[in-house]
Amino acid sequence: MSQRTVLNDLETAAGAVFIDDAGWSMPAHYGDPVTEYRLARSRAALFDVTHRGKIEVAGREAASFLHNLCTNDIKNLAVGSGCEAFFTTVKAKIIAFAYVFRAEAERYWLDVAPGVNEKAFTHLDRHLISEQVELADRTRDFVQLHLVGPDAETIRQQELLADSPAYQLRPHDAVGLPGYDLLCSAEHAVNMWQIMTEAGARPAGLETYHILRVEAGIPYDGIDFDDERFVVETGRMQALCYTKGCYLGQEPIVMARDRGHVNRAFVGLKLSGGQPLPPGTKLFREGREVGVTTSSVLSPTHGAIALAYLRVGNQQAGTVVEFSAAGAGETAEVVGLRFSGSGTGL
């Protein structure tokens, strides 16, 4: 049976239609995904993402411990700020894609995709030898909401949120729009929801969440890559630091930089068929297989779009590829990783 968040009754009353996502019952939409999408771009939308993985890393050596295991510069993060980072194998194959937030000088939080928390925790724990670090999987301990849109900053400044130690606020553009993660314990969750909805945030579901992040070209763990994907192929260069010193997986990442390219590039596609494609749809050019799709959505702004990996030589904007779906011979055009108009509002 799917796990429910403490906001389930409020979300039901607001008209939520639920789906199972990584063992959790989460709102897919509230009856009108297009309106939710437009309000996210023009005003503010509020997503329940309580099912995302939450790992706490604390202790005197927490900074150096994380710094040595991930692809970004953790030691120089200011308190109250965060960054994207990959945790990889020695061959730079992806274990987890995380948003790393420095809550205090010696306390960090890792935000990972639903269902990834156990794998990420196991990886960290395996490398914890004698460091003065404490790990805790806090996924089920906190409610997590994600607030996005032009009005997000104003809503975030609501007095009961901004000045209360009961709520943790993190700047995070998880779907390519100005946004914040807000965390609290179960006892404060209903109050947090009511403060933000009364201030103008519209509840929105995961359908809109994924449309926005696909438009922004943001990969999602378990959909856009697995543990066989070479981290540099994701195109998420803001999650890589080439000046931080040694870390697990550094050598193949630096080698790829020095070569000047990788074998596959992560790109955006505009689809001709008018409908999203299943993940794993093969892509062809002149009869030769050149790639595969990952995420695909129907955007109110751009129509049917997808993210995909294409072999080198096929990723230039304007390149046309074919896909083997119902209605063979339909095509897709490479339009770059971030779709034009993303983040500009409606």
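Above this text is the structure in question.
Residues numbered from 1 in each chain as written. Predicted model: local features only at pLDDT ≥ 70, side-chain atom pairs only at ≥ 80, totals over all residues. Heavy atoms only, no water.

**Points about the pairing of strand E8 (residues 107–112)**
With 5 of 6 residues buried, E8 is to be regarded as a mostly interior element. Relative to E8, strand E5 (residues 53–58) is paired through 6 bridges, and the arrangement is antiparallel. Counterpart to Glu-56 in the pairing with E8 is Trp-109. Two strands pair when backbone bridges link them, and strand E7 (residues 94–104) and E8 are joined in this way by 6 bridges, in the antiparallel orientation. Bridged to Arg-102 within E8 is Tyr-108. Between the antiparallel neighbours E7 and E8 lie 2 residues. (Buried < 20%, exposed > 50% of the residue type's maximum accessible area, 1.4 Å probe, protein only. Helix = DSSP H or I, 4+ residues; strand = E, 2+ residues; numbered from the N terminus. Pairing = 2+ DSSP bridges.)

**Some thoughts on the nonpolar core**
If you look at soluble globular proteins, the nonpolar side chains tend to sit buried side by side. Among the nonpolar cores identified, the biggest contains 64 residues, and Val-57, Leu-66, Val-100, Leu-110, Leu-124 and Val-231 are the most heavily contacted of them. Looking at this core, the element that brings in the most residues is E7, giving 6 residues. If sequence neighbours within four positions are ignored, Val-231 has contacts with Phe-86, Thr-88, Ala-92, Ile-94, Leu-240 and Ile-253. (Core = buried A, V, L, I, M, F, W, Y, C linked by side-chain atoms within 4.5 Å. Contact = heavy atoms within 4.5 Å.)

**Structural notes on the packing of aromatic side chains**
For the coordinates displayed, the defined rule picks out 6 aromatic pairs. A ring pair is formed by Phe-266 and Tyr-309, whose centres lie 4.8 Å apart and whose planes are at 35°; its orientation type is tilted. Highlighted residues: Phe-266 in strand E14 (residues 264–271) and Tyr-309 in strand E17 (residues 303–311), separated in sequence by 43 residues. Here the aromatic cluster, defined as three or more aromatic residues joined through ring pairs, consists of Phe-86, Phe-97 and Phe-225. For the cation-ring pair, Arg-229 lies above Tyr-309, with the distance from its terminal atom to the ring centre recorded as 3.6 Å. (Phe/Tyr/Trp six-rings, centres within 6.5 Å; stacked < 30°, edge-to-face > 60°. Lys NZ or Arg CZ within 6 Å of the ring centre and 35° of its normal.)

**Regarding the pattern of salt bridges**
By the definition in use, this model includes 13 salt bridges. Taking the shortest distance from any N to any O, the salt bridge between Glu-215 and Arg-41 comes out at 2.5 Å. Placement of Glu-215 in helix H8 (residues 206–215) and of Arg-41 in helix H2 (residues 33–42) is noted, with a sequence separation of 174 residues between them. By the burial criterion, Glu-215 is buried, and Arg-41 matches it. (Salt bridge = Lys/Arg side-chain N within 4 Å of Asp/Glu carboxyl O.)

**A few points about the sheet that holds E8**
Taken in spatial order, the 5 strands make up an open sheet running E6-E7-E8-E5-E9, and their pairing is antiparallel. Both outer strands of the open sheet, strand E6 (82–88) and strand E9 (134–137), are each paired with one neighbouring strand and no more. This sheet shows a mean twist of 25° between the axes of neighbouring strands, independent of strand direction. Running over the sheet, helix H4 (residues 117–126) touches E5, E6, E7, E8 and E9 and is turned about 170° from E9. (Axes fitted to C-alpha atoms, helices over the stretch in contact; angles between N-to-C directions.)

**Notes on H4**
Residues of H4 that are buried include every one of Asn-117, Ala-120, His-123 and Leu-124, and no others. Projection of H4 onto a plane perpendicular to its axis shows the buried side chains occupying an angular sector of 130°, all on one side. Residues of H4 that are exposed and angled more than 90 degrees away from the buried face: Glu-118 and Arg-126. Where H4 is buried, its residues touch E5, helix H3 (62–67), E6, E7, E8 and E9. (Arc of directions from axis to C-beta.)

**Quick word on the packing of H2 against H8**
Two numbers describe how H2 lies on H8: the axes approach to 9 Å, and their chain directions differ by 50°. The pairing of H2 with H8 is recorded here as oblique in orientation. Between H2 and H8 lies a crossing of right-handed hand. Two secondary-structure elements touch here, H2 through Pro-33, Glu-36, Tyr-37, Ala-40 and Arg-41 and H8 through Glu-207, Thr-208, Ile-211, Leu-212 and Glu-215. Class assignment of the residues belonging to the contact of H2 with H8 gives a composition of 5 nonpolar, 1 polar and 4 charged. (Parallel < 35°, antiparallel > 145°, perpendicular 65-115°, else oblique. Left-handed = near helix turned anticlockwise from the far one by under 90°. Nonpolar A, V, L, I, M, F, W, Y, C, P; charged D, E, K, R; others polar.)

Honestly, it's all geometry; don't read function into it.
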